[in-house]
Amino acid sequence: MRETPDELHRLQDLLDASLSRSTAHLRSIITSERTLTAEQLTRALTGMCTLALSTVTAKGEPRVSGVDGHFLHGKWHFGTARSCAKARHLAARPAVSAAHLRGEDLGVFTHGTVETLNPHGGPAAADWPELLAHFRDFYGHDAFDWDNDVVYYRLHPHWMAAFASDPAHLGTTADPA
């Protein structure tokens, strides 16, 4: 868990507000007994978590693809090849939806916009050195040409919901991430 108390507070506010604005149907599934607190969520989302990421083409057609998601400081971070279609979609239309699912045990659903952390030829995000150190530790220092091959994003959520079939026991054993 890398979140500060302030980040946990903001995440909890987001989770609470998102669920309160949700439909009655969703609230009948994600009940108070089947949701996670911000602290539980950050404990559950360690390591790399595969995300199904949805972007939109120039024609308005939805596209979904998988990305390696890292939940850091209460937000999803992910990368992709600078040359791939999703990078073009995100450059033109930064709105995304993402889902992380672990069978019937856990579902985290997020809608928001992305920020490019290491734009090619532009200034990097202020915390890019810290995030780059995390990614290099995870993937290996020489896994990529970090300046030219990969582009990383931070998903700024405006809505997020978390479902857990058994929140009290989620993350108490080594969950595959």
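Here, every reference points to the structure presented above.
Residues numbered from 1 in each chain as written. Predicted model: local features only at pLDDT ≥ 70, side-chain atom pairs only at ≥ 80, totals over all residues. Heavy atoms only, no water.

Quick word on the overall build of the protein
A count of helical and extended segments in the protein gives 5 helices and 6 strands. Ordered by position from the N terminus, the helices and strands of the protein form the series α-α-α-β-β-β-α-β-β-α-β. On C-alpha atoms alone, the protein measures out to a radius of gyration of 16 Å, which is about the 16 Å that the 2.2 N^0.38 rule sets for 177 residues. Its C-alpha atoms put the protein at 45 × 40 × 30 Å along the principal axes. Buried residues in the protein amount to 42% of all 177 residues. (Helix = DSSP H or I, 4+ residues; strand = E, 2+ residues; numbered from the N terminus. Rg over C-alpha atoms; globule rule 2.2 N^0.38 Å. Buried < 20%, exposed > 50% of the residue type's maximum accessible area, 1.4 Å probe, protein only.)

Some details on the environment of Leu-51
Among the structural elements, Leu-51 can be located in strand 1 (residues 48-56). Judged by its relative accessible area of 1%, Leu-51 is buried. When the C-alpha positions of Leu-51 and His-111 are compared, they lie 12 Å apart, and in sequence the two are 60 residues distant. Non-local contacts of Leu-51, meaning those with residues more than four positions away in its chain, are made with Ser-65, Gly-66, Val-67, Gly-69, Trp-76, Ala-98, Ala-99 and His-100. (Contact = heavy atoms within 4.5 Å.)

Focus: the nonpolar core
In this structure, Leu-11, Leu-41, Leu-45, Trp-76, Val-108 and Met-160 are the most contacted members of the largest nonpolar core, which totals 31 residues. Per-element tally for this core: the top contributor is strand 6 (residues 150-164), with 6 residues. If we skip the residues at most four places from it in the chain, Leu-45 touches Phe-71, Trp-76, His-100, Arg-102, Leu-106 and Val-108. Grouped together as the second largest cluster of nonpolar side chains are 10 residues, Leu-131, Leu-132, Trp-146 and Tyr-152 included. (Core = buried A, V, L, I, M, F, W, Y, C linked by side-chain atoms within 4.5 Å.)

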